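Results of the structural survey
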Amino acid sequence: MARALGIDLGTTYSLVAVVKDGRAEVLKDEHGEGRLPSAVFYGDDLEEGALVGWEAFAAERMRGGALLTSTKRFMGRGRSTAQAVLDRGARTFRLWPAGDDGERLVQFEVPDGQGGTRACTPVEVAAYVLKALKDRAEAELGEEVSDAVITVPAYFDDAQRQATRDAGRLAGLHVLRLLAEPTAAAVAYGLLKEAEGRGQGTYVVFDLGGGTFDVSVLEFDRGLFRVRATSGDTALGGDDFDWPLAERVLRAAGVEPSTALPHQTHQALAIARRTKEALTDRDTVDVEGVLTVGADTRPVTLSLTRTELERVILPVVNRCAGPCERALVDAGLTPKDLDGVILVGGSTRVPLVRAFAREFFGREPLCDAHPDEVVAVGAALQADLLAGGDRDLLLLDVTPLSLGLETMGGVVDRLVPRNSPIPCTATHTFTTYADQQTAMDFHVVQGEREKVEHCKSLARFTLRGIPPLGAGLARVAVTFQLDADGLLTVSAREQATGTTTAVEVKPSYGLTDAEVEAMLMASLDHAQQDIEERLLIEKRVEAERVLAATDKALREDGLLVDVEERAAIERAAAAVRAATRGADRPALESAVEALDAATQELAHRRMSKRIGEALDHKSIDEVAR
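Residues numbered from 1 in each chain as written. Predicted model: local features only at pLDDT ≥ 70, side-chain atom pairs only at ≥ 80, totals over all residues. Heavy atoms only, no water.

1. Details of the overall build of the chain
Rules: Helical segments are the DSSP runs of H or I of at least four residues, strand segments are the runs of E of at least two, and each set is numbered from the N terminus. Residue contacts follow a heavy-atom distance rule, with two residues in contact if any of their heavy atoms lie within 4.5 Å. Surface exposure here means Shrake-Rupley accessible area, sampled with a 1.4 Å probe, where a residue is shielded only by the protein chains that are shown. For the purpose of counting charges, residues Lys and Arg are taken to be positive, whereas Asp and Glu are taken to be negative. His and the chain ends are not included. The location of each charge is read from NZ of Lys, CZ of Arg, CG of Asp or CD of Glu.
Looking only at helices and strands, one finds 16 helices and 27 strands in the chain. Seen through its C-alpha atoms, the chain measures out along the principal axes to roughly 100 × 55 × 55 Å. In the chain, the proportion of contacts linking residues at least 24 apart, taken out of those at least 6 apart, comes to 67%. Total accessible area on the chain is roughly 27,600 Å²; 49% of this is exposed by carbon and sulfur atoms. Mean positive and mean negative side-chain charge positions of the chain (72 and 99 charges, respectively) differ by 1 Å.

Next comes the structure, spelled out in structure tokens:
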């Protein structure tokens, strides 16, 4: 059986694991370290490639170039996301000058190794890290390995997942599956407890890493792992603990944080991170370091107590509450319904984080899984299964955000609600709006609101070749296929002719965290308002359809009504047009009903006329047949 790797592609550190003799283990470097810093250094004198991990940090101290860290936060994101990081002072990179697509893609400016600069994307950075992990595995195993399961935050949207898959492909990996990090952790933890005879129940996986936060509610039952709900924030993690401390270091060295150079920011963050880690098991620390200012190297000491640290990071930790509440509500559970809370991710070592989890869920969190390694171990177990292993294991994951189509009036027809099990397929039948319509445009959106303007656009495509029939007669089946990686394909098929078109949704950038948060909160805050707006829009669309049918009837068969009847119909139609311009839905409904009543006699006469035309010049025998 071919081996397959389990890779935890993290914001701060990444790991690779593999199953050996039935057991998953994290592969370590020559120094016995399993973690590989998710850092890539592009040197002024490196004509080809880049340095990764610990070598990247060492190179920045000795030579000129650009060190890129925490770029996972920008996977599948727009330029505005990276600009926001620069605006708040964390200048660890330079953005490539905006071009024609500058507003759509995050691109960093790095040396090209020949005295100039070039653009580099987060996908390229991730590919270097993945390639380094692949090389470590092949050196350790003594064989070539190309298959892998790569973990992603459960709250990664479609664009972020696509970017991760692209990075794996660029690194020479065949990505068997993208696996949600909390699910991977649950697999490793669940199988461990199952071996102890305690592998059943409903658990929350609280996963706080260097740059992302996920919370998932899962059920374990003898090898079955079913995700009931997931939530999170893909820009919340240990990095947000470090930056306020790094600002103190910069100011102590006489550097204003908002104008700090990238290498100065990296140096300050390193001191901040060491301070935070030292305060995990100590009450007071003095951490020394150096900061390069011009041609000088200035010594800096950061003195801090755990109480001071907790006061600084408390607002960040409290941001975990919203996702935790949403996950429980979506799962239909309360903290009392849980059998345990599993802590995952290096940032859960911070005492304040553990205290938050204890207070929020009303129980002592479980800390017996290795917070750094458990995700990679779970990924390796799933990789082994997909590569042909005989492990009794079934994962049922969910999609984090709803997916749907824009319909007439700019409202969303939701085909796949959030927290739907994946993989899944959903089909809905649509029809034409106008007579002789031969094409339909489709707009795929993601979000929780009722109107398209409040959701995120993912893709647009057109189905052509529809038979030129009357309005409402053609039938077009639209199918959403969401695979096990959470990646979306949308197809449309005209049922009479079999004409088909499809699009693999590959947006150039994904949802910002503010957009995700706003979508979910607004869907709750504006639920009633959204429903009312949707009903009004749908009634307006219906009214426009009735008006179009009335105009057509008068145009084709106006002689079937007398002057008074025609005037009554036209007055009723004018009332409908006036009502469509307002926001009074009951008034619009009454106007449409009045128009329907005014045109009933005309409709009966038109029907009689058509029947007469169909029977004209036919014998009784022909009609009987």
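2. Some remarks on the pattern of salt bridges
So the rule is basically this: One speaks of a salt bridge when a side-chain nitrogen belonging to Lys or Arg is within 4 Å of a carboxyl oxygen belonging to Asp or Glu. Working definition: with a 1.4 Å probe on protein chains only, accessible area under 20% of the residue-type maximum means buried, over 50% means exposed, and in between means partly exposed.
Throughout the structure, instances matching the rule amount to 30 salt bridges. For the salt bridge of R251 with E256, the shortest nitrogen-to-oxygen distance reads 3.8 Å. Residue classification places E256 among the partly exposed residues on the basis of a relative accessible area of 39%. In this structure, D330 engages R418 in a salt bridge whose closest nitrogen and oxygen atoms are separated by 2.9 Å. Here R418 lies in the loop between β20 (411-416) and β21 (421-422) and D330 lies in helix α9 (residues 321-331), a separation of 88 residues in the sequence. Within this structure, D239, D242, R273 and K276 form a network of salt bridges that share partners.

3. Some remarks on the side chain of S14
What counts here: Pairs of N or O atoms within 3.5 Å make up the polar contacts considered here, provided that, within protein, one atom can donate a hydrogen while the other can accept it, and that residues adjacent in sequence are counted only when both atoms are side-chain atoms.
Considering the arrangement of structural elements, one finds S14 in strand β2 (residues 13-20). Within polar-contact distance, the side chain of S14 engages the backbone nitrogen of G10 at 3.0 Å. Within the structure, S14 has its side chain in polar contact with the side chain of S38 (distance 2.8 Å).

4. Describing the sheet that holds strand β23 (residues 439-446)
This is how the line gets drawn: Should DSSP find at least two bridges between two strands, the strands are taken to pair. Axes, fitted as lines to C-alpha atoms, cover a helix only where it is in contact. Angles between the N-to-C directions of the axes lie from 0 to 180 degrees.
With antiparallel pairing, 4 strands are arranged side by side in an open sheet as β20-β19-β23-β24. Every interior strand has two partners, whereas the edge strands, β20 and β24 (456-464), have only one. Strand-to-strand twist in this sheet, taken as the mean axis angle between neighbours without regard to direction, amounts to 30 degrees. Two elements, β23 and β24, share 8 bridges in a ladder whose sense is antiparallel. Residue pairing in the sheet places Q446 in a bridge with K456 of β24.

5. So, the packing of helix α8 (residues 306-318) against helix α10 (residues 351-361)
Counted only if it meets this: An angle below 35 degrees is treated as roughly parallel, one above 145 as roughly antiparallel, one from 65 to 115 as roughly perpendicular, and anything else as oblique. Two helices crossing with the near one rotated counterclockwise from the far one by less than a right angle form a left-handed crossing, whereas a clockwise rotation gives a right-handed crossing. Residue classes follow a fixed rule: Ala, Val, Leu, Ile, Met, Phe, Trp, Tyr, Cys and Pro count as nonpolar, while Asp, Glu, Lys and Arg count as charged, and any other residue, Gly among them, counts as polar.
Running from N to C, α8 and α10 cross one another at 50 degrees; their axes reach a closest spacing of 9 Å. In terms of axis orientation, α8 runs oblique to α10. The two elements α8 and α10 cross, and the hand of that crossing is right-handed. Mapping the contact onto sequence places R306, E310, I313, L314, V317 and N318 in α8 and P351, L352, V353 and F356 in α10. Here the residues of the contact of α8 with α10 sort into 7 nonpolar, 1 polar and 2 charged.

6. Digging into the sheet that holds strand β14 (residues 224-233)
Strand order in this open sheet of 6 strands is β17-β12-β13-β14-β18-β21, and the pairing throughout is mixed. Whereas interior strands pair on both sides, the edge strands pair on one side only; in this sheet they are β17 (340-344) and β21. Inspection of the sheet shows strand β13 (residues 213-221) paired to β14 by 9 bridges, in the antiparallel sense. Residue D214 lies in a different strand from β14, and its bridge partner there is G232. Relative to β14, α9 is tilted by about 140 degrees, and along the sheet it contacts β12 (200-208), β13 and β14. Sheet strands touched by α10: β12 and β17. Its angle to β12, the strand with the most contacts, is close to 140 degrees.

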